[in-house]
Amino acid sequence: MVADCIRRSSNKKLPSPISHLLSDIQRALSIGKGLIKLHTSDNKFILLSTKANCPCCNHSFEDPDPRLFSFNSPHGWCPECRGHGRVPQHRHALDTTRFDSVLEAELDADRVLERMEDAELIACPACHGTRLNPTASAVRLHHHSSGCGVPPQAVAATSRRRSSRVNPSLSIADLSALAIDAAYQHFAALVFPGQREALIARDILPEIRQRLAFLQEVGLGYLQLDRSGNTLSGGESQRIRLAAQLGSNLRGVLYVLDEPTIGLHPRDNAALLKTLTNLRDHGNSLIIVEHDEDTIRAADHLIDLGPGAGRFGGEVVYQGKPPGRSSAKAKIQNQKSGIASPTLRALAHPLVHPTRGSRRAVPPTHPFLTLTGCNANNLKRLTAAIPLGRLTVLTGISGSGKSTLMHQCVAAVFNRQTKSIKTFDAATGGNSLTSCYEVDQSPIGKTSRSCPATYVKVFDHIRALFAQLPEARMRGFDASRFSFNTEGGRCPECKGNGRVKLEMDFLPATWVHCESCNGQRYNPATLEVTFRDQHIGAVLAMTIDAAAAFFAAQPRIAAPLQLMADTGLGYLQLGQPSPTPSCGEAQRIKLVSELIKGLSIKPQISKLKAQISNLYLIEEPTVGLHLEDIKRLIDILHRLVDEGHTVVVIEHHMAIAAEADWILDLGPEAGDGGGQIVAQGPPEKIITSRKSRTAPFLQRALQPAKFP
């Protein structure tokens, strides 16, 4: 019938208007339930359908919705990898016998997958890493470009990742594979000529462009949109969280930011400060907890708490307009409260580098740990030479390859588990190093049973000391009796927590003080054993400073405690739950725990130089540290080097870089624009480099008098 109507409409002699043809087509679709068969003049049949199904194989599709394009939803994720993009090399059938439901078994399999190492995983053979099912990957967005869209090389690179065919209409998987810079160009040139399509995209496209523009402003344009979160550096993760909160560009909002400059290069700090200033100018209020000097000076109002930390702080020692570099000293002299302000004191008296007056020499004949052909992530087969027995600092903007070089290349020389993955061609000069210790930014503990004393292993020696006391031996108490994690010595009411969880009917559960042990964590019989009139519960309540003095005659206990006190943690309690310390405190606790592993008691007693030479890889130890605390950190790093150890630090704080004996500056940019060593040598040589993005800020730290 339809074919006959088409023939009649094509014959100009027959009075058959186009409206008659449309009515016939609608009638045919009604009779065929959305399916018509077109008979052509060459005796062929063409099937046409108004539904989302294939008339040949009868495979149907649901109407697309946002869930279809999300790999976090069962509607969109790949059924093979469940949205992870990677699967184990040796896959096993899902074991549902140990669980009450299939959902619990799947969630457990996801947790196991997240804990696996990269060497144990491969790209999903079904989705090839796109994480989406075939239906979502087959949907393509047809559009027109205004002439300045995605560069052809970006489209070609994306197509090579996904398929061998280059298609100007990208799928959502292809768009996700673009870098933020390329994605911004694509959406900036995106045009929909149709009235209906333009109306749909009217409010969506500006939102996408705005969020991509904010990511560019904070220096993340090199990141791919589908980059896995566990591969991001600390600075990259922090800026992505800022983009999620600040990219909406709201007005009349109070933003509370906790150290937004963590992990950022000084160049990136300037871009971040500009963004925060724009937010303020748009009518928002910002409260920022920060130790960065540039951020403090850029504030409209400064509130300084102190004068010390912990129980020695909690007072407002200064509030008002931040002093400039030239007026900071006058502020301290003219205000009585300024004397107690550690921030004003640090601003008025910047460190003079090097603090020891001279640096350790690194002559051409000095022994080096040399890695050639480093090629992990964005590293471009570079050669890195680290002088042994010296303080080396890795600098460069976020994403330039510093963490990759340290953890995936240098640490891999000593890590047996990673030797199967070749991230470099050869390594020489490391035979004199005994051990390698890494200090990263992972948390120290998430349970209240963990505390500084247990994390640095000093509590094991304290329990052993109490078990050797005559009264303990007479009662048959061993070291486990003085553990609050095991039965026997701990309080039976609070199970060694010192607190009891109180369930509320209509409110969240709360913790209350244990009345049975009065917060001491132990039962009365255990608390009767005392050392110098102090029981084990009282020892846990001591501050680190007090405990270091209390156990001064016990070197195995006093030495780690004194090391913690030297890093500015003396105000913390030994038994303080691990979730309660701040980010900076937790970072220093972990740093001390790694430093303790390499300290040798015997050389200290004999006053001989340590024969053991360790390699310490430390990532951004200044996180959360005040300017006064950085002085203590510098002293700790120099002490390690003086004992014969090799220390490598990733750092953006120029006070640490200015103290280095040797600097490896990576860059010049991030991502594909980085991965090269643009300058290396002592700080005085780095500041002469024109390619280095660190040089201007390092020069400012070395010569503060030249910068007002």
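Residues numbered from 1 in each chain as written. Predicted model: local features only at pLDDT ≥ 70, side-chain atom pairs only at ≥ 80, totals over all residues. Heavy atoms only, no water.

1. A closer look at the sheet that holds strand β14 (residues 426–428)
Here is step 1 of the chain: Overall, antiparallel pairing links the 3 strands, which are arranged β12-β11-β14 in an open sheet. Sheet topology places β12 (382–387) and β14 at the edges, where each strand pairs with a single neighbour. Each adjacent strand pair in this sheet contributes to an overall mean axis angle of 10°, direction not counted.
Here is step 2 of the chain: Relative to β12, strand β11 (residues 368–374) runs antiparallel, the two being bridged by 5 bridges. Bridging across to β12, Leu369 finds its partner in Ile386.
Here is step 3 of the chain: With respect to the sheet, helix α15 (residues 402–410) is in contact with β11 and β12, its orientation differing from that of β11 by roughly 100°. (Pairing = 2+ DSSP bridges. Helix = DSSP H or I, 4+ residues; strand = E, 2+ residues; numbered from the N terminus. Axes fitted to C-alpha atoms, helices over the stretch in contact; angles between N-to-C directions. Contact = heavy atoms within 4.5 Å.)

2. A word on a nonpolar patch on the surface
Here is step 1 of the chain: A surface patch of nonpolar side chains, amounting to about 520 Å² of accessible area, comprises Leu502, Met504, Phe506, Leu507 and Val512.
Here is step 2 of the chain: Assignment of secondary structure puts Leu502 in strand β16 (residues 499–502). (Patch = residues over 30% accessible without salt bridge, like charges linked within 9 Å, V, L, I, M, F, W, Y side chains within 5 Å. Areas by Shrake-Rupley, 256 points an atom, 1.4 Å probe, with all protein chains shown as cover. Salt bridge = Lys/Arg side-chain N within 4 Å of Asp/Glu carboxyl O.)

3. Observations concerning the sheet that holds strand β15 (residues 436–439)
Here is step 1 of the chain: Reading across the sheet, the 6 strands line up as β15-β20-β21-β13-β22-β23 and stay open at both edges, with mixed pairing between neighbours. Looking along the sheet, the strands with just one partner apiece sit at the ends: β15 and β23 (676–681). The average undirected angle you get between the axes of adjacent strands in this sheet is 15°.
Here is step 2 of the chain: The pairing of strand β13 (residues 391–395) with strand β22 (residues 662–667) spans 4 bridges and is classified as parallel. Looking at β22, one finds that Thr392 is bridged to Trp662.
Here is step 3 of the chain: Sheet contacts for helix α25 (residues 627–642): β13, β20 (615–619) and β21 (646–650); angle to β21, the most-contacted strand, approximately 150°.

4. Re the confidence of the model for the protein
Here is step 1 of the chain: On average, residues of the protein carry a pLDDT of 82, and 86% of them reach 70 or more.
Here is step 2 of the chain: Ranking the elements of the protein by mean pLDDT puts helix α24 (residues 601–606) last, at 44, and β13 first, at 97.
Here is step 3 of the chain: Overall, residues 326–338 carries pLDDT values under 50, and its contacts beyond four positions in sequence, including any with other chains, amount to 15 contacts.
Here is step 4 of the chain: Predicted confidence is poor over residues 600–610, with pLDDT under 50, and the contacts of this stretch with residues over four places away or in other chains come to 3 contacts. (pLDDT = per-residue confidence, 0-100.)

5. Looking at the nonpolar core
Here is step 1 of the chain: Within the largest apolar cluster, 80 residues are counted, with the highest numbers of intra-cluster contacts made by Ile462, Phe466, Phe551, Leu561, Val647 and Leu698.
Here is step 2 of the chain: Ranked by residue count, the leading element in this core is α25, at 8 residues.
Here is step 3 of the chain: Contact partners of Leu698, with chain neighbours within four places excluded, come to Met654, Ala657, Ala658, Ile663, Pro683, Ile686 and Ile687.
Here is step 4 of the chain: One finds Ala384, Ala385, Ile386 and Phe424 within the second-largest nonpolar core, a separate group that totals 29 residues. (Core = buried A, V, L, I, M, F, W, Y, C linked by side-chain atoms within 4.5 Å. Buried < 20%, exposed > 50% of the residue type's maximum accessible area, 1.4 Å probe, protein only.)

6. Examining the pairing of β11
Here is step 1 of the chain: Taken across its 7 residues, β11 has 6 buried, putting it largely inside the fold.
Here is step 2 of the chain: Summarising the sheet, β11 and β14 pair through 3 bridges and their orientation is antiparallel. From the neighbouring strand, Leu371 faces β14, where its bridge partner is Ala427.

7. Remarks on the packing of helix α7 (residues 180–188) against helix α9 (residues 204–217)
Here is step 1 of the chain: In contact at an axis separation of 9 Å, α7 and α9 are set at 150° when each is read in the N-to-C sense. Relative to α9, α7 is oriented roughly antiparallel. Between α7 and α9 lies a crossing of left-handed hand. In this structure, α7 uses Ile180, Asp181, Ala183, Tyr184, Phe187 and Ala188 to contact α9, whose residues at the interface are Leu205, Ile208, Arg209, Leu212, Ala213, Leu215 and Gln216.
Here is step 2 of the chain: For the contact of α7 with α9, the residue count by class is 10 nonpolar, 1 polar and 2 charged. (Parallel < 35°, antiparallel > 145°, perpendicular 65-115°, else oblique. Left-handed = near helix turned anticlockwise from the far one by under 90°. Nonpolar A, V, L, I, M, F, W, Y, C, P; charged D, E, K, R; others polar.)

8. What to know about unusual backbone geometry
Here is step 1 of the chain: Pro307 follows Gly306 through a cis peptide bond whose omega is 0°.
Here is step 2 of the chain: Position of Pro307 among the secondary structure elements: in the loop between β9 (302–306) and β10 (315–320).
Here is step 3 of the chain: The phi torsion at Arg131 lies on the positive side, around 75°, for a residue other than glycine.
Here is step 4 of the chain: On the basis of relative accessible area, Arg131 is assigned to the buried category, the value being 18%.
Here is step 5 of the chain: Phi is positive for Asn377, close to 50°, though the residue is something other than glycine.
Here is step 6 of the chain: Within the element layout of this structure, Asn377 appears in the loop between β11 and β12.

9. Some points on the pattern of salt bridges
Here is step 1 of the chain: What the rule picks out here adds up to 27 salt bridges.
Here is step 2 of the chain: Residues Asp300 and Arg280 are paired through a salt bridge, measuring 3.1 Å at the closest nitrogen-oxygen approach. With Asp300 in the loop between α12 (293–298) and β9 and Arg280 in helix α11 (residues 266–281), the pair connects residues that are 20 residues apart, well separated along the chain.
Here is step 3 of the chain: Using a relative accessible area of 32% as the deciding quantity, one classes Arg280 as partly exposed.
Here is step 4 of the chain: Among the salt bridges present, the one from Arg356 reaches Asp642, with a minimum N-O distance of 2.6 Å.

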